[in-house]
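Structural features, examined
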Amino acid sequence: MAERSFKAEVQHLKLGQGQTFTGEGILAITKALLESGVGYVGGYQGAPISHLMDVLADAEELLQDLGVRFEANANEAAAAAMLAASVHYPIRGAVTFKGPVGVNVASDALANLASSGVTGGALVIVGEDYGEGSSIMQERTHAFAMKSQFWLLDPRPNLPSIVKAVSDGFDLSEVSNTPVMLMVRIRSCHVTGSFECRDNKRPDFTVKDAVANPRSDFARVVLPPASYQHEQDKVKNRWPAAEKFIRDRKLNEVFGPEKAPVGIVLQGGMYNGVVRALQHLGLADIYGNSQIPLYVLNVTYPLVADEYLDFCKGKKSILVVEEGQPEFIENQLSAFLYRARSDVSLHGKDVLPMAGEYTGAVMRDGIAAFLKEAAPDMLSDALRAPNTTPPAIPDLSKTVPIRPPGFCTGCPERPIFAAMKLVEKELGKHQIAADIGCHLFASLPPFEIGGATMGYGLGPAANGAFDGGGDKRAVAIIGDGGFWHNGLSSSFGNMAFNKSDGVAIVVDNFYSAATGGQDVMSSRASNKSKSTKNPISKALAGIGINWVRQIDRTYDVAHMRDTIREALTTEEKGPKVIVASSECMLNRQRREKPLRAAAIKEGRRVDVPRFGVDEEVCTGDHACMRLSGCPSLSLKKLDDPLRDDPVASIDVSCVGCGNCGEVADAAILCPSFYRADVVHNPGKLETRLARWPEGWRSFLTKRRAARRLDLGVAE
């Protein structure tokens, strides 16, 4: 069950010529694919483009009507391999995945694709994010474009520009026989706006046509001597064809006055931020009209030398706004100026940060620093002084508390790590390798379990060096998403083949939860277009791993603890795998809340469990929190002068998973947790019966208050 459904918005994808589309960038990209006559689409989810896969899944019926093949791929490598359909056939294909981490996984297929070249247009849509919200290593897709000779588009973040970039990308790919990458940052994915539609277009040549008329061409197979010719073809034919198309189609844009002493060269994705920075400096109006010439690179690779040099004419200094590092664009533009023997002064990372996200404030300060040196007359008197800075934008980090990532309320993964902490107390600390996924949050307090991660599905493989024997077994943690993405072959195949004696815990929450709750092979849900309900334990048995323990309720902390202890202490040799299964609580709530609300509205009887802490029983030692870390479990200060320590308290965000009570029992703590069921639409008899204990409680409370009053005890 995906994080968000787009079934209602998908209807907008049916709009035709003369109609106006209004919505998010993600939907605009999908609409642009359909208008461009795409023949097949695929990919693997991951922020900031997870929703693009969700849109495609929800639009599968529309895609089928248009003769478009859609595949939710097992990983990014499988997605990139799909583009092989465009090598021999004039079919337009597109795949999508998350930034450099997806490109890393897909690099082998992408390198082969770039070498052989394509006949049909091949588009790779890559979501990229350098901000503090990014969940991956801070690298750039740009390096892969340069390495393999992909052309890289980075359109301005507005819907018309994004839609145009999709169409231009296919055309550029076909003209130059080269795959094209379309980079969209998180702001582009979720920006809202509108554009004028074209009719959706059925593919001129479909995958069915290709299957009916198979083709092959040895010249496109990446083997010598063809592979030597591919490299020559890239620089002698494909590159010049791409440059000509970029110039003729005017894919890059120039804004602002024709003549000025300075200019700014920027990635298309940086356009909104640069204009906003210029507005703060009084050098642009609210409509984006800039007093400084802007050369907007909607194509950041390849760069067109003569187009750039034309922009530099008559200018003394140029600023390059290039997000991320290293400064590939700045270095290439420097080379263009050097070869042309130009005396234009080039600035970039000398006034802007080498790394990190280029926010509006960062660009404002960098542009101001550039202008102070290159064109101080363009700045106001207040900003021209050497030691002055532009008006400060409030630093919210001083007032907003830090919010580190953590497990959701009721997360079924939390009790797994509570059990691991209990075992650690008994057996001591073990070598633990983590993986990509929600379980990686266990490396943070209160659990502090797992200190390294090498890639999606590579958790157990990361422990390969520690399987050579020792007093303790190494432990690896991997999610079900990682298991099916890459783990079965790369990690568990590696463990089985090398007769590893290590322990692996598969955190099975029924979905690829960290990417938005998409179904995987082992999901328990029925999916009409995908194969689900394939047990992980059976896959493990299929590759020869026999010591497998299946746990179907991770909230049973005592059972989890005992099973982990058994895996670490058994005399049996070979890989030991624990499949710890419980449904992701977020997805469960997404499924159950609408059903519960509908039942209550219809007048049906519904029980909703709630948990609390008995303040009279709680000892205030807080061990339950150290072993749980649930955000709904906090501290409460009592008014009792004889009790200095605050007690545990459960707030209304509690979803009633029961983990806090399980932890308390497993840790042999006080039984202060209680459960109360909120009954909606109770029956008449049930209502009458409920009044009896309520009456007795009221009577006893009043009698107690009267006695205290008689004794002179203040309430």
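Up top is the structure these notes are about.
Below: a short report on this structure.

Reading the values: rules and limits
- Per chain, the residues get numbers from 1 upward, laid out in the order the sequence is written.
- For a predicted model such as this one, the threshold for reporting local features is a pLDDT of at least 70, and the threshold for listing and counting side-chain atom pairs is 80 or more; totals across whole chains, interfaces and linings nevertheless cover every residue.
- Where side-chain values are given, they derive from all heavy atoms of the structure, hydrogens and water being excluded.
- Under the scheme used here, helices are H or I runs from DSSP no shorter than 4 residues and strands are E runs no shorter than 2 residues, and both carry numbers assigned from the N terminus.
- Think of it in three bands: residues with accessible area under 20% of the maximum for their type are buried, residues over 50% are exposed, and the middle band is partly exposed, with areas taken using a 1.4 Å probe on protein chains only.
- Whether two residues are in contact is decided by their heavy atoms: any pair within 4.5 Å suffices.
- Under the convention used here, a 1.4 Å probe and the Shrake-Rupley method define accessible areas, while residue burial counts only the protein chains that appear.
- Charge counting follows a simple rule: Lys and Arg are positive, Asp and Glu are negative, and His as well as the terminal groups are ignored.
- A charge is said to be at NZ when it belongs to Lys, at CZ for Arg, at CG for Asp and at CD for Glu.
- Two strands qualify as a pair provided that DSSP identifies no fewer than 2 bridges between them.
- Axis geometry follows a simple rule: fit a line to the C-alpha atoms, using only the stretch in contact for helices, then measure angles between N-to-C directions, giving values from 0 to 180 degrees.
- The arc under discussion is defined with respect to the helix axis, by the directions toward the C-beta atoms.
- In protein, a polar contact means a hydrogen-donor-capable atom and an acceptor-capable atom, both N or O and within 3.5 Å, with residues adjacent in sequence counting only if both atoms are side-chain atoms; elsewhere, any N or O pair within 3.5 Å suffices.
- Each patch is built from residues lacking any salt bridge and having more than 30% relative accessible area; the joining distance is 9 Å for like charges and 5 Å for nonpolar side chains (Val, Leu, Ile, Met, Phe, Trp, Tyr).
- Any Lys or Arg side-chain nitrogen found within 4 Å of a carboxyl oxygen on Asp or Glu counts as a salt bridge.

**Points about the overall build of the protein**
- The helix and strand inventory of the protein stands at 24 helices and 23 strands.
- Per-residue burial for the protein yields a buried fraction of 49% across its 715 residues.
- Taking the intrachain contacts of the protein between residues at least 6 apart in sequence as the baseline, contacts between residues at least 24 apart amount to 77%.
- In the form shown here, the protein has an accessible surface area of approximately 33600 Å², with 54% of it arising from carbon and sulfur atoms.
- Positive and negative side-chain charges in the protein, numbering 80 and 84 respectively, have mean positions lying 3 Å apart.

**Section: the environment of Phe218**
- Locating Phe218 in the fold gives a position in the loop between helix H10 (207-212) and helix H11 (226-248).
- Residue Phe218 is classed as exposed on the basis of its relative accessible area of 51%.
- In this structure the C-alpha to C-alpha distance between Phe218 and Gln518, which are 300 residues apart in sequence, comes to 39 Å.

**Considerations on helix H2 (residues 50-58)**
- For H2, the tally of buried residues reaches seven of nine residues, placing the bulk of the element in the interior.
- Those residues of H2 that fall on the buried side of the exposure criterion are Ser50, His51, Leu52, Met53, Asp54, Val55 and Leu56.

**Re the sheet that holds strand S4 (residues 93-98)**
- Spatially, S3-S2-S4-S5-S7-S6-S12 is the arrangement adopted by the seven strands of the open sheet, whose pairing is mixed. Each edge of the sheet is formed by a strand with only one pairing partner; in this case those strands are strand S3 (69-72) and strand S12 (299-301). Pairs of neighbouring strands in the sheet enclose a mean axial angle of 20°, with direction left out of account.
- The sheet contacts of H2 involve strand S2 (40-43), S3, S4 and strand S5 (122-128), and relative to S3 the element is tilted by about 130°.

**Section: the sheet that holds strand S15 (residues 432-433)**
- The parallel open sheet is built from five strands, whose spatial order is S15-S16-S17-S19-S18. Looking at the sheet topology across the chains shown, the edges are occupied by S15 and strand S18 (547-551).
- Across five bridges, the pairing between strand S16 (residues 475-479) and strand S17 (residues 503-508) is parallel. Within S17, the position partnered with Ile478 by the bridge is Val506.
- On top of the sheet, helix H18 (residues 480-497) reaches S16, S17 and strand S19 (576-581); it is set at about 145° to S16, its chief contact.

**Observations regarding unusual backbone geometry**
- A cis geometry characterises the amide bond from Gln325 onward to Pro326, with omega recorded as 0°.
- Geometrically, the link from Pro445 to Pro446 is a cis peptide bond, its omega value of 10° lying close to zero.
- One can find Pro446 in the loop between S15 and S16.
- The phi angle at Gln149 is positive, at roughly 65°, despite the residue not being glycine.
- With respect to the element layout, Gln149 can be found in the loop between helix H7 (142-148) and strand S6 (151-153).
- Although it is not a glycine, Phe510 sits at a positive phi angle of roughly 80°.

**Describing helix H13 (residues 305-312)**
- Among the residues of H13, Glu307, Tyr308, Phe311 and Cys312 are the ones counted as buried. Each buried residue of H13 sits inside an arc of 140° when the element is viewed along its axis, so together they form one side.
- Gly314 sits one or two residues past H13 and shows a positive phi near 80°.

**Quick word on the side chain of Ser176**
- Mapping Ser176 onto the fold places it in helix H8 (residues 159-176).
- Note on Ser176: relative accessible area 1%, which makes it buried.
- In terms of polar contacts, Ser176 uses its side chain to reach the backbone carbonyl oxygen of Leu172, at 2.7 Å.
- When neighbours within four sequence positions are excluded, Ser176 is seen to be in contact with Trp151, Arg238, Ala241 and Ala242.

**Let's talk about a nonpolar patch on the surface**
- Among the surface-exposed residues, Leu685, Leu689, Trp692, Trp696, Phe699 and Leu700 lie close enough to one another that they form a single nonpolar patch of about 730 Å² accessible area.
- Considering the arrangement of structural elements, one finds Leu685 in helix H24 (residues 684-710).

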